[in-house]
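As a plain string of letters, each chain reads:
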Amino acid sequence: VPHPTQQGTCKKTKVAILGGGVAGITAAQALTNASVHDFAILEYRDTLGGRAWHKPFGKDKDGKPYVIEMGANWDWEIQEERKIRSGSWWAQKYGLKTHYSNYDNVSTYNKDGYSDYSHLLDLYEDAYDIASQNAGEILTQNLQDQNAKSGLALAGWNPKSTDMEAQAVDWWSWDFEDAYSPLESSLAFGCAGDNLTSNYFSDHDNFVLDQRGFNMIFKKMASTFLRKNDPRLHLNTQVTNITYSDDGVTVHNKDGSCVEADYAIVTFSLGVLQNDAVKFSPKLPDWKQEAIQKFTMGTYTKIFFQFNETFWPSETQYHLYADPVTRGWYPIWQSLSTTGFLPESNIIFVTVTNEFAYRAERQTDEETKKEAMEVLRKMFPEKHIPEPTAFMYPRWTQEPWAYGSYSNWPPATSLEMHQNLRANAGRLWFAGEATSPTFFGFLHGAYFEGLDAGRQIAAVMQNRCVNANSTKLRECGPRKHYETLHGTSPYSDYTMLNGWAVDSFIDTNTD
Ligand SMILES: Cc1cc2nc3c(=O)[nH]c(=O)nc-3n(C[C@H](O)[C@H](O)[C@H](O)COP(=O)(O)OP(=O)(O)OC[C@H]3O[C@@H](n4cnc5c(N)ncnc54)[C@H](O)[C@@H]3O)c2cc1C
């Protein structure tokens, strides 16, 4: 731990990497690749990986607990002809155990049990394709953005507030990925984010079941540049104060230790920044604070049950429930007791988001279990459903190192406003899933943003540009920010200068 020396001086380093999640690890990787070895990683918890976080749960036949992911769970398969180091590249390189998540393998239920309303899924898909094209026009022509609800309504998907089966389909098709509802999400950037991930990677995403935990791959990645007991890695170190200027950064930690660096990269979640969990002096500039408060941090909560039998149809991956009164009420049940997943584990989990996630967080485990069990009994009225033998869920908004699950773009933002989230303030840089305009919310967003910040800082230190020969990808010097926002971003803004690394309008997906 970097305690001040007796003279009161701090540990000195060139780059302080604040947070050891995916972005922190790839930032350190990029610095190493650019021959900058003098860095320090300060991490709150006792392990690397951040929101790729697992816990033991229930037990198998031998009494050994299963390893269950509290956070990130899906890994996107990468297209074969691309050589980008992400997606299934991780899976291949490190033998990550995953299984294809088939969103077409979904059964639908209402309060009376099984009820086939799957035709609504097709109606939604048709409307989404149209809305998504309109979103592309908004983006390329710099038109007024809408919320996704109005975009979908204009495209033909306009579920009535009393049609609860349509509301369940609406939730599954939008909230299940974004945590926010279509009304709370930007049409232009919601669709762009979704399309970019499926075009750049693929439509296939795989559910991670690796019993070493998803973060195993990030630890392995870190072990390519960190030695055993590397003095540059400071686990169990909670940053509390950051003083920054155009000349350097000083970081103070809860345990009294401190680090002085030429540059620092803040990779804390948007939730940590929104909750003032770390104090900055001077205060972050207005343009930065506005961006931090404008983007939203969703909460996505998986509630796990283990039973002594699999009483649900185990060949079905997803079970969608339409509550007669409340949209988002214990809506999607995912079987892990299915071939390819954790067969015979008798584990099923239900996902709730935002309001219902906060509600579950405020309730006791027993209260939440009771409500969810009532839903299961409605979905399978012909079965005798026993009490679970194990039950668990995380409380993401209360984790002081995360304060929520992942970020989203509300309506009425712009690429320029987002760039203010990414831009450096003096020697203080920012990276993480939320700073990615193209892959926000995803692990691969954090992966690329960490790499980019590390690369750029190394280039600044070495007086050179990143990708000097490419107009779209060239990055020279500190990042641009916008002092005054006018709610608009011309299409010429969509380059690496604002973090836009890929062209959303070239469909490279061969699927
Ligand atoms: C429930 C859930 C489900 C998800 N599902 C998926 C999915 O299926 N697929 C996908 O691609 N992505 C998913 N994500 C998102 C994915 O986990 C994140 O995008 C990614 O892990 C973010 O990485 P990061 O490095 O930006 O941030 P983080 O992982 O949050 O890393 C930041 C690090 O900073 C540390 N830190 C925070 N405060 C301090 C402090 N004061 N001092 C020191 N250190 C501090 C934290 O401990 C953490 O390790 C999910 C996330 C959640 C929570």
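Here the structure is a predicted model, which is why all the values come from computation and not from measurement. (Residues numbered from 1 in each chain as written. Predicted model: local features only at pLDDT ≥ 70, side-chain atom pairs only at ≥ 80, totals over all residues.)

Regarding the pairing of strand 17 (residues 318-321)
Moving residue by residue along a regular strand, the side chains alternate between the two faces of the sheet. Applicable threshold: At least two DSSP bridges between two strands are required for those strands to pair. Note on conventions: DSSP H or I runs of at least 4 residues are helices, E runs of at least 2 residues are strands, and numbering of each starts at the N terminus.
As paired strands, strand 7 (residues 106-110) and strand 17 are joined by four bridges and run parallel to one another. When the sheet's bridge partners are listed, Val106 is paired in strand 17 with Tyr318. Direction of pairing for strand 17 relative to strand 18 (residues 332-335): antiparallel, over a ladder of three bridges. Note on strand 18: the bridge partner recorded for His319 is Trp333.

Concerning the sheet that holds strand 18
The test is simple: It is the C-beta atoms, placed from the backbone, that decide contacts: two residues are in contact if theirs lie within 7 Å. Here an axis means a line fitted to C-alpha atoms, over the contact stretch when the element is a helix, while the angle between two N-to-C directions is reported on a 0 to 180 degree scale.
The strand order 8-7-17-18-19-16-20 describes an open sheet built from seven strands, whose pairing is mixed. Of all the strands in the sheet, just strand 8 (113-114) and strand 20 (390-392) have a single pairing partner and so form its edges. Both strand 18 and strand 19 (residues 347-353) contribute to a ladder of four bridges, which runs antiparallel. Looking at strand 19, one finds that Gln334 is bridged to Phe349. Helix 11 (residues 365-379) rests against strand 7, strand 8, strand 16 (300-306), strand 17, strand 19 and strand 20 of the sheet, and its axis sits at about 95° to strand 17.

Describing the nonpolar core
The condition is simple: Put simply, a nonpolar core is a cluster of buried Ala, Val, Leu, Ile, Met, Phe, Trp, Tyr and Cys residues tied together by C-beta atoms within 7 Å. Residues with at least 20 other C-beta atoms within 10 Å of their own are called buried, those with 12 or fewer are called exposed, and the rest are partly exposed. The C-beta atoms themselves are positioned from the backbone. Each domain's extent is set by a domain assignment, obtained either automatically or from a database.
Ala16, Ile17, Leu18, Ala264 and Ile265 are the most contacted members of the largest nonpolar core, which has 131 residues in total. Among the elements that line this core, the one with the most residues is helix 13 (residues 443-461), at nine residues. Residue contributions to this core reach at least three from each of two domains, namely domain 1 (11-52 + 215-293 + 404-498) and domain 2 (54-210 + 300-398). In contact with Ala264, not counting residues within four places along its chain, are Ala16, Leu18, Ile242, Tyr244, Val249, Val251, Arg427, Leu428 and Trp429.

Description of the site of the ligand
Spelled out, the test is: Defining nearness, a residue is near a molecule or strand when the C-beta atom obtained from its backbone falls within 6 Å of it. Charged residues are taken to be Asp, Glu, Lys and Arg, nonpolar residues to be Ala, Val, Leu, Ile, Met, Phe, Trp, Tyr, Cys and Pro, and polar residues to be all remaining types, Gly included.
Near the ligand, the surroundings consist of 41 residues, among which Gly19, Gly21, Gly50, Gly432 and Glu433 are the closest. For the shell around the ligand, the secondary structure elements donating two or more residues are helix 1 (22-33) and helix 13. The element that contributes the greatest number of residues to the shell around the ligand is helix 13, accounting for four residues. In terms of residue class, the shell around the ligand is made up of 21 nonpolar, 16 polar and four charged. Taken together, domain 1 (11-52 + 215-293 + 404-498) and domain 2 (54-210 + 300-398) each give at least three residues to the shell around the ligand, which thus spans both.

Here we look at helix 6 (residues 187-200)
Where we set the bar: A helix's residues, less one, multiplied by 1.5 Å, set its expected span.
With 14 residues, helix 6 extends 19 Å from end C-alpha to end C-alpha; this agrees with the ideal 20 Å at 1.5 Å per step. Leu187, Ala188, Phe189, Gly190, Cys191, Ala192, Gly193, Leu196, Thr197 and Tyr200 are the residues of helix 6 that are buried.

Some thoughts on the UniProt feature "binding site: FAD" (unreviewed entry) in the protein chain
Heads up, the condition is: UniProt positions are given in the numbering used here, feature names are shortened, and annotations may be inferred rather than shown by experiment.
As annotated in UniProt, the feature "binding site: FAD" (unreviewed entry) corresponds to Val239 in the numbering used here. Residue position: Val239 is located in strand 11 (residues 239-244). Discounting chain neighbours no more than four positions away, the residues touching Val239 are Leu18, Leu42, Val251, Asn253 and Val278.

Here's the deal with the packing of helix 1 against helix 13
Going by this rule: Take the far helix as the reference: if the near one is turned anticlockwise from it by less than a right angle, the crossing is left-handed, and if turned clockwise, right-handed.
The interhelical angle for the contact between helix 1 and helix 13, taken along N-to-C directions, is 35°, at an axis separation of 7 Å. Every pair of crossing elements has a handedness; the one defined by helix 1 and helix 13 is right-handed. Within the contact between the two elements, helix 1 uses Val22, Ala23, Gly24, Ile25, Thr26, Ala27, Ala28, Gln29, Ala30 and Leu31 and helix 13 uses Leu443, Ala446, Tyr447, Glu449, Gly450, Leu451, Ala453, Gly454, Arg455 and Ala458. Looking at the contact of helix 1 with helix 13 residue by residue, the class counts come to 13 nonpolar, five polar and two charged.

With respect to the environment of His204
Note on placement: His204 falls in the loop between helix 6 and strand 9 (205-208). Sequence separation of His204 and Tyr100 is 104 residues, and the distance between their C-alpha atoms is 7.0 Å.

A short note on the packing of helix 3 (residues 119-140) against helix 5 (residues 164-178)
Our working definition: By the definition adopted for this analysis, an angle is roughly parallel if under 35 degrees, roughly antiparallel if over 145, roughly perpendicular if from 65 to 115, and oblique otherwise.
Contact geometry for helix 3 and helix 5: axes closest at 10 Å, N-to-C directions at 55°. With respect to helix 5, the element helix 3 is oriented oblique. Judged by the sense of rotation from one axis to the other, the crossing of helix 3 with helix 5 is right-handed. Contacts between helix 3 and helix 5 involve Leu120, Leu121 and Tyr124 from the first element and Glu165, Ala166, Val169 and Ser173 from the second. Its residues assigned to classes, the contact of helix 3 with helix 5 shows five nonpolar, one polar and one charged.

Some points on the environment of Phe311
One can find Phe311 in the loop between strand 16 and strand 17. Taking the C-beta count within 10 Å as the criterion, Phe311 has 17 such neighbours and is therefore assigned partly exposed. Sequence spacing of Phe311 and Thr26 is 285 residues, and the spatial spacing of their C-alpha atoms is 43 Å. Ignoring sequence-local partners within four residues, the contact set of Phe311 consists of Phe380, Lys383 and Ile385.

Notes on helix 10 (residues 354-362)
In an α-helix, one full turn covers 3.6 residues, which means residues spaced three or four apart are oriented alike. Stated precisely, the cut-off is as follows: An arc is given here, and it is the one of the directions from the helix axis to the C-beta atoms.
Turning to helix 10, its buried residues number three or more, namely Asn354, Phe356, Ala357 and Ala360. Angular distribution of buried residues about the axis of helix 10 spans 165°; they occupy a single face of the element. The inward-facing, buried residues of helix 10 abut strand 15 (296-298), strand 16, strand 19 and helix 11.

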